[in-house]
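Here is how the chains run, residue by residue.
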Amino acid sequence: MTVHQNFIGGAWTPAGNAAPNINPSDVADVVGEYARASRADAQAAIAAAKAAFPAWARSSPHERYEILKRISDEILARREELGRLLSREEGKTLADGIGEVTRAGQVFGYFAGEAVRVAGEKFASTRPGIEVDVTREPVGVVALITPWNFPIAIPAWKIAPALAYGNCVVIKPADLVPGSAWALADIIARSGLPKGVFNLVMGRGSEVGEVLLSHDDVAAISFTGSVATGRKIAQAAVTAPVMKKVQMEMGGKSPLVVLDDADLAVAVECAANGAFYQTGQRCTASTRLVVTEGIHDRFVAGLTERLKALVVDDALKPGTHVGPVVDQAQLDQDLRYIEIGKREGARLHWGGERLNRDKQGFYLQPALFVDCRNDMQIAREEIFGPVAAVIRVKDYDEALSVANDTTFGLSSGICTTSLKYATHFKRNSDAGMVNVNLPTAGVDYHVPFGGRKGSSYGPREQGHYAIEFFTTVKTSYTLA
């Protein structure tokens, strides 16, 4: 089987070893063999990016526009092929895979436009005869570390702004699902981008990631992943001899508040989609369902019927609503939390069983717990699987208090027909993103993405706000 290589300094580069990429819907299916970079490979990628930076930083906005637009066009033209690859390696349904690839193409198209919209400012000085200009410049070599749950969208929304604003990139995708990132790298490699501007190093965080964190020539690190890893990155960035700019997205425990006056059908669909679709493997998943007592029983009954109708099967199979968990380790973690919930006194109302299908895969029936308290582990810790906890509350005030009682603050939602409560919740929810009568797990590519507290650190991702991380500000004074 051909080994998919790393891309360093404008060339596909062999590595000393490789690892198989396994289909979680069918563990007998090997998606491909993908190289694992060494520390030396990571160092070479950084050196190539550093060498390419001076020229790329001064490239014309139109040149960057044309390259990013070509990347966008090819992604969108190949969305079905790339979506199938994504679903095959990660386990989300084919519709979701194609949707994610489409999102990646749209992101590159958006930042193609942003490349020609970088603006500066002119100020009148407080001193006579002096002009003041404020401009933005690229930060330099940027290391991008991406997770397995969105294997093309998250690389896209980090790579595209980095390139649009004139930075050079070294990306390390998740070792578990390198296929989509490799396919994206292949498209970028053929886009006309100068050698060294973009580099792909696949492999383990203990090898590649450590080099990216510690290397003096890396000016900034954008990371999406676990809280534990994020804290290590933050510490390494600020204690390095040359301190690095840091942007981190680290997870969530998003609440969906359902009030007595909610449209029941809307609330049930928001909960089912937000908590269980894409196997609950989203940092924005609404895994805490905070429900007022007047609608509680009807909501639980309605959601249970909705879950019974969900088809859990092969991600590529027509009619599948929920695919497999990504791998054995994640499945073990999900099952462990289900047992923890039972021991804590929560009642497993429906689901939570390991499932067998035609092919051997990591299938798990969505699990719905009721009689939960907000101090339980299953309501405090990010499980990252199709497991949701229903917490009964008295009224809106208690619901808001419970919703905000978390160390995370990424996304939140409320289902209500009351303008008063919807407005109050938007203003008082301790989350970076708030949804009214919508699932918590749904965002647009042209507006900022990010949260508060333990969920995020540093400038926002996506939309025009991405410029805050991928550029630095320079103030210039001129005697007129």
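For clarity, every value in this text was computed on a predicted model and none was experimentally measured. By convention here, each chain's residues receive numbers from 1 onward along its written sequence. pLDDT decides what is reported in this predicted model: residues at 70 or higher carry local features, side-chain atom pairs at 80 or more are listed and counted, and totals for whole chains, interfaces and linings draw on all residues regardless. With hydrogens and water stripped out, all remaining heavy atoms of the structure feed into the side-chain values.

## Some points on the nonpolar core
Part 1 of the argument: We call a set of buried Ala, Val, Leu, Ile, Met, Phe, Trp, Tyr and Cys residues a nonpolar core when their side-chain atoms join them within 4.5 Å. Per-residue accessibility, obtained with a 1.4 Å probe over protein chains only, is compared with the maximum for each type, and a residue is labelled buried under 20%, exposed over 50%, and partly exposed between these values. One finds Leu68, Phe108, Phe111, Ile159 and Phe198 to be the most contacted residues of the largest nonpolar core, which totals 91 residues.
Part 2 of the argument: Examining the composition of this core, we find that nine residues originate from one element, helix α5 (residues 153-164), more than from any other.
Part 3 of the argument: The contact definition used throughout considers only heavy atoms, calling two residues in contact when any of these lie within 4.5 Å. Once you skip the residues sitting within four places of it in the chain, Phe198 turns out to touch Phe7, Ile159, Val169, Ile171, Ala185, Ile188 and Leu193. For the purposes of this entry, the term helix denotes a DSSP run of H or I that reaches at least four residues, the term strand denotes a run of E that reaches at least two, and both are numbered from the N terminus.

## Observations regarding the pattern of salt bridges
Part 1 of the argument: The term salt bridge refers to a pairing of a side-chain nitrogen on Lys or Arg with a carboxyl oxygen on Asp or Glu at a separation within 4 Å. Summed over the entire model, instances satisfying the criterion amount to 26 salt bridges.
Part 2 of the argument: Glu114 serves as the salt-bridge partner of Arg117, at 2.7 Å between the closest nitrogen and oxygen.
Part 3 of the argument: Judged by relative accessible area, Arg117 falls into the partly exposed class, the value being 46%.
Part 4 of the argument: Look at Glu114 and you get buried, because its relative accessible area is 5%.
Part 5 of the argument: Measuring nitrogen to oxygen at the nearest pair gives 3.9 Å for the salt bridge that ties Lys359 to Asp314. Of this pair, Lys359 sits in the loop between β16 (354-355) and β17 (363-364) while Asp314 sits in the loop between α10 (293-308) and α11 (328-344); the two residues are 45 residues apart in sequence, bridging distant segments of the chain.
Part 6 of the argument: Through salt bridges with shared partners, one network takes in Glu74, Arg78, Glu81, Asp186 and Arg190.

## A look at the packing of helix α4 (residues 94-115) against α5
Relative placement of two packed helices is described by the angle separating their axes and the distance separating the axes.
Part 1 of the argument: Running from N to C, α4 and α5 point in directions that differ by 10°, and their axes come no closer than 9 Å. Compared by their axis directions, α4 and α5 come out roughly parallel. Of α5, the residues touching α4 (which contributes Glu100, Arg103, Ala104, Val107, Phe108, Phe111 and Ala115) are Ala153, Ala156, Trp157, Ile159, Ala160, Pro161 and Ala164. Whenever a helix is involved, its axis is fitted only over the stretch in contact; in every case the axis is a line through C-alpha atoms, and angles between N-to-C directions fall within 0 to 180 degrees. Roughly parallel means an angle under 35 degrees; roughly antiparallel, over 145; roughly perpendicular, 65 to 115; everything else is oblique.

## A look at unusual backbone geometry
Part 1 of the argument: Phi at Asn437 takes a positive value of approximately 60°, unusual for a residue other than glycine.
Part 2 of the argument: Along the chain, Asn437 falls in the loop between β22 (433-436) and β23 (452-453).

## Considering the side chain of Asn6
Part 1 of the argument: Summarising the element assignment, Asn6 is placed in strand β2 (residues 6-8).
Part 2 of the argument: When its relative accessible area of 0% is taken as the criterion, Asn6 is described as buried.
Part 3 of the argument: For Asn6, the residues in contact, after removing those within four places along its chain, are Ala11, Trp12, Thr13, Ala15, Ala35, Arg36, Ala37, Asp41, Leu200, Val201 and Met202.

## A word on the UniProt feature "active site" (unreviewed entry) in the protein
Part 1 of the argument: UniProt positions are given in the numbering used here, feature names are shortened, and annotations may be inferred rather than shown by experiment. Per the UniProt entry, the sites bearing "active site" (unreviewed entry) are Glu249 in this numbering.
Part 2 of the argument: Along the chain, Glu249 falls in strand β12 (residues 245-249).
Part 3 of the argument: Filtering out sequence-adjacent residues up to four positions away, Glu249 remains in contact with Phe223, Thr224, Gly225, Leu410, Phe449, Gly450, Gly451, Ser455, Ser456 and Glu461.

## A look at the sheet that holds strand β6 (residues 121-124)
Part 1 of the argument: Reading across from one edge, β6-β7-β25 is the order of the three strands in this open sheet, with antiparallel pairing throughout. The sheet is open, and its two edges are formed by β6 and β25 (471-479), each paired on a single side. Neighbour to neighbour, the strand axes of the sheet diverge by 25° on average, direction disregarded. For two strands to be treated as a pair, DSSP must find no fewer than two bridges joining them.

## Remarks on the packing of aromatic side chains
Part 1 of the argument: Planes of paired rings set the category: under 30 degrees apart is stacked, over 60 is edge-to-face and the rest tilted, where pairs are Phe, Tyr or Trp rings (Trp by its six-membered ring) whose centres lie within 6.5 Å. This model, assessed by the stated rule, comprises 10 aromatic pairs.
Part 2 of the argument: Plain terms: the ring middles of Phe7 and Phe198 are 6.4 Å apart, the flat faces sit at 35° to each other, and that makes the pair tilted. Highlighted residues: Phe7 in strand β2 and Phe198 in strand β10 (residues 198-200), separated in sequence by 191 residues.
Part 3 of the argument: On the basis of relative accessibility, which here comes to 7%, the residue Phe7 falls in the buried class.
Part 4 of the argument: Judged by its relative accessible area of 2%, Phe198 falls in the buried class.
Part 5 of the argument: With 5.4 Å between their ring centres and 45° between their planes, Trp157 and Phe449 make a pair best called tilted. Of this pair, Trp157 sits in helix α5 while Phe449 sits in the loop between β22 and β23, and the two are 292 residues apart along the sequence. For the pair Trp157 and Phe449, one class covers both residues: buried.
Part 6 of the argument: Among the aromatic side chains, those forming a connected cluster through ring pairs are Phe7, Trp12, Trp182 and Phe198.

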